[in-house]
Amino acid sequence: MGKKVIMIIEDDPAISEMLNFNLTKEGYDVVLASDADEAVKMIEEKEVDFFIVDIMLPGSMDGFDFIRTVKSNEKFKNAPVLILSAKDDPADKVAGLELGSDDYVTKPFNVRELIARIKSIFRRQQQAMQIKEEGPKKIIAKDLEIDTERYEVLIRGNPVELTPLEFELLTFLAKNEGKVFSRDVLLDKLWGYDYFGDTRTVDVHIRRLRTKIEEDPSNPKYIITVRGKGYKFRDPGKEKLDY
């Protein structure tokens, strides 16, 4: 297997070069773009496994626009995205996660922590694509079917497009049906490192997952919120819902 390719979209040359040096030393191939317009042109010809994206960029597109473009591209829709930005407003963090980014790191940052996060995201992606852990290969809960060997999710027989993180989150909860997990525990289990952001990261991903598998996301039947505790998976075909 060849080296993983990481594209950095960052207009600050000092940050780009520092990341280029450190990521290359870690064994990654690095591609640099100073703005989103340049990056869009480059990915037409390049294979990229991971994107590091600044939000505030010169040109016609900002970082959010670039993420929308990447996530709508069949070639890159499952490629992890890490936002690296000086904007530390919680609304920006939520917006980035809502667009499908995997992590959000604010400047200034510790490069070793950033690399640890990148490795964790790659590791999580690999685990999601090759789930071989103990437990059933198929999980069926009423109209929902999860096939952990084929990496497929069906609702009423129709395929559902999930990101690797969404698939792993759903599979983890479903394999532990009925057990309540706090947001902190889910961060630890699925993000795989000491997350320094807030636990709304989990809420955002749960909300995205619900929009894809629930008939009525505002009245979920599969992923249940336990107030003050966290989330659990429930098979609506097995028991009455007790709201």
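Residues numbered from 1 in each chain as written. Predicted model: local features only at pLDDT ≥ 70, side-chain atom pairs only at ≥ 80, totals over all residues. Heavy atoms only, no water.

Per an unreviewed UniProt entry, the chain goes by the name Response regulator transcription factor and belongs to Marinitoga aeolica.

## Some remarks on unusual backbone geometry
This is how the line gets drawn: Working definition: helices are DSSP H or I runs of at least four residues, strands are E runs of at least two. Numbering for both runs from the N terminus. Note on exposure labels: buried denotes an accessible area under 20% of the residue type's maximum, exposed denotes more than 50%, and partly exposed covers the range between, all computed with a 1.4 Å probe on protein chains only.
With an omega dihedral of -5°, the bond running from Lys107 to Pro108 counts as a cis peptide bond. Along the polypeptide, Pro108 turns up in the loop between strand 5 (103-106) and helix 5 (111-129). Of note, Lys142 is a non-glycine position whose phi angle comes to about 55°, a positive value. Position of Lys142 relative to the elements: it lies in the loop between strand 6 (138-141) and strand 7 (144-147). Positive phi is not limited to glycine here, since Arg156 has a value of about 50°. Judged by relative accessible area, which is 49%, Arg156 ranks as partly exposed.

## Details of the sheet that holds strand 3 (residues 50-53)
For clarity, the threshold we go by: Pairing between two strands is assigned when DSSP locates at least 2 bridges connecting them. To obtain an axis, a line is fitted to C-alpha atoms, over the contacting stretch when the element is a helix, and the angle between two such axes runs from 0 to 180 degrees between their N-to-C directions. We call two residues contacting when some pair of their heavy atoms lies within 4.5 Å.
Here we have five strands laid out as an open sheet, ordered 2-1-3-4-5, and parallel in their pairing. Strand pairing shows two members of the sheet lacking a second neighbour, strand 2 (29-33) and strand 5, which therefore form its edges. Averaged over all pairs of adjacent strands, the angle between strand axes in this sheet comes to 20°, irrespective of strand direction. Across the face of the sheet, helix 1 (residues 13-25) comes into contact with strand 1 (5-9), strand 2, strand 3 and strand 4 (81-85) while running at roughly 170° to strand 2.

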